[in-house]
Amino acid sequence: MLDAKIPAGPIEQKWDTHKFKLKLVNPANKRRFHIIVVGSGLAGASAAATLAELGYDVSVFCYQDSPRRAHSIAAQGGINAAKNYQNDGDSIYRLFYDTVKGGDYRSREANVYRLAQVCNQIIDHCVAQGVPFAREYGGMLANRSFGGAQVSRTFYARGQTGQQLLLGAYSALSRQIGLDKVKMHTRHELLELVVVDGRVRGITTRDMVTGELGSHAADAVVLATGGYGNVFYLSTNAKGCNVTAAFRAYQKGALFANPCYTQIHPTCIPVTGEHQSKLTLMSESLRNDGRIWVPKNKGDTRPPDHIPEAERDYYLERRYPAFGNLVPRDVASRAAKGVCDEGRGVGPGGLGVYLDFSEAIERLGKAAIAEKYGNLFQMYAKITADDPYEVPMRIFPAVHYTMGGLWVDYNLMTTIDGLFAIGEANFSDHGANRLGASALMQGLADGYFVLPYTIGDYLARSGNNPQDTTDGEFQSSREAASARIAKLLTIKGERTPDAFHRQLGKLLWDTCGMSRNGPGLETAMAEIPKIRDEFWQNLKLAGSPDGLNQTLEKAGRVADFIDFAELMVIDAHHRTESCGGHFREESQTEEGEALRDDDKFSYVAAWERSDNPAQPTLHKEPLTFEHVLPSTRSYK
């Protein structure tokens, strides 16, 4: 049985009671403990800065040339908090309720309530750092609405919220680097975890500039390495985002939870051709003022301004009158796919719907829309050569966030002693679907306000035990990493890493993407081993391991994506229900909505690696709901 270490007592008091019972490290002893943080996005930077401020000796590793280039900067729309500045009925409990419901009742109540509790502290902390949140005329912080909520609780900085929050965390991190409390290692990639007697003792990395392999010991390791959406090849993620660090933890014994839970974002610029290597997100915040529609008639190819109002179908407003265009992402994505499958999609291939601002511009004025969304409109115009002030945007769903990740207990520790996972790298607090503007909330909550308490308890209990990195498991780890690199470079085949990645991604999108079914998933399970076999026989790589070799980096990540994809499909196949972003075509209502099976699947599926990758061991963490009782999700 998995022990989530959820505290006893009323849900409103669990976190405060738990914090009091956690053991503390004496301030004078904190400098004796060395903590490694892998990843420098919002979760990693906030955790590293806070831990160093507390007095711990911290090392940070990232594969970018600066923490400022972490993918967190791509978050656009905002961050949730239950401040109730709008006086519209918001509260910590309502945010908790919306998040559990939005996740389709597949998340831990205790974790979600804690997230809702600490979110208000995040806003105050970030304001103190100088994050330039939007403000009302009188100076109060502004809020806007996001999907899955009927209140305005999303704080934002135009369409650059992630970037501004990361600059706040980066400034705090830079201060600690300047004080020599944080050792920053840029352009380093984690290749192996070092585990001794069930406890993580360090990591093995490759310097991506020199090619040198290095060993780094620590008393605890924190993975803040983001999600795995790039397994689909085309996604809204930065090209460097990968699953390698989390998958190494899985290979060393950490459980991987709910890998099939992938979020499809409904508001992205559609695919335009085979040349593309990634997709571009258009913030969900645009759905506040933009209205989504398609022609009522199939095959209507007239320009949008030639289609009269009576011949337009505002399908979200029609199907979900209570929430309208602000239904959760999974609901909006499936609805867009549905109208396109009917032959009513717009643009090349009929894979698009309109996001129309004409009414909002007429009502509020162009200047008001530009103030809210100007940089997003500019980005759209540069990519598509269309002016969204004059013609509707074209959007279509795309792979975005991943709710699955390493299984962690209430203290954010994995099943490997001393290995913690935070932010998108863990299986998170979002269940089967993340509400918009909650990713930044979770990353900063974990980094600033949860991990600094819980990791101290672990260190106080486990004690300090310095490791020799020259031999033993550290040497074996370096040898394993070196052998893997040599194997990749000696194949001398005909296909590039990108070719394999694109093939894998298309297979996954077709069989395990926005919609899944049993035969499709079985096809994927049969095809992935074939892709793996060809990869290890026909991979084409140039260069050497000694120095900068970006194709080598990509090859290693693609190899892990192939292995991880198998686990992902196995998880999707076993869960014969629809919930959130996991939509099994066999499990839907007459109206085409997701149909859960709470009697059979109300649990976290945590997978353990076995000697046969195709047969991992399933562990179940039962989910109990005492405060938000499961019901059929309705946004009508």
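Scroll up to find the structure.
Residues numbered from 1 in each chain as written. Predicted model: local features only at pLDDT ≥ 70, side-chain atom pairs only at ≥ 80, totals over all residues. Heavy atoms only, no water.

**Student:** Help me out: how do you make sense of the packing of aromatic side chains in this one?
**Tutor:** Here a ring pair, both rings aromatic, is described through the centre-centre distance and the interplanar angle of the planes. One pass over the structure, following the stated rule, counts 25 aromatic pairs. Between Tyr 85 and Phe 155, the aromatic rings sit 5.8 Å apart at their centres with planes inclined by 75 degrees, giving edge-to-face as the arrangement. Of the two residues, Tyr 85 is situated in the loop between strand S3 (79-80) and helix H3 (92-102) and Phe 155 in strand S4 (residues 154-155); the sequence distance between them amounts to 70 residues. Seen from their ring centres, Tyr 250 and Phe 256 are 6.4 Å apart, and the 80 degrees between their planes marks the pair as edge-to-face. The two residues Tyr 250 and Phe 256 agree in class, both being buried. What links up through ring pairs into an aromatic cluster is the set Tyr 228, Phe 247, Tyr 250, Phe 256 and Phe 564. One residue, Arg 291, lies across the ring of Tyr 314, its end atom 3.8 Å from the ring centre. Note that Lys 366 overlies the ring of Tyr 389, its terminal NZ or CZ placed 4.8 Å from the centroid. (Phe/Tyr/Trp six-rings, centres within 6.5 Å; stacked < 30°, edge-to-face > 60°. Helix = DSSP H or I, 4+ residues; strand = E, 2+ residues; numbered from the N terminus. Buried < 20%, exposed > 50% of the residue type's maximum accessible area, 1.4 Å probe, protein only. Lys NZ or Arg CZ within 6 Å of the ring centre and 35° of its normal.)

**Student:** So what exactly am I meant to see when it comes to the sheet that holds strand S5 (residues 182-185) here?
**Tutor:** Backbone-to-backbone hydrogen bonds pair the strands of a sheet. The strands run either parallel or antiparallel. Sheet architecture is open: five strands sit in the order S5-S2-S1-S9-S17, paired in parallel fashion. Every other strand in the sheet has two partners, leaving S5 and strand S17 (419-421) as the edge strands with one partner each. With strand direction ignored, the average angle separating the axes of adjacent strands in the sheet is 20 degrees. The sheet contact formed by strand S9 (residues 220-223) and S17 spans three bridges and is parallel. Directly across from Val 221, in S17, lies its bridge partner Leu 419. Against the sheet, helix H2 (residues 42-54) touches strand S1 (34-38), strand S2 (57-61) and S5, its axis set at about 160 degrees to S2. Together, S2 and S5 form the strand contacts of helix H5 (residues 161-178), whose direction differs from that of S5 by roughly 110 degrees. (Pairing = 2+ DSSP bridges. Axes fitted to C-alpha atoms, helices over the stretch in contact; angles between N-to-C directions. Contact = heavy atoms within 4.5 Å.)

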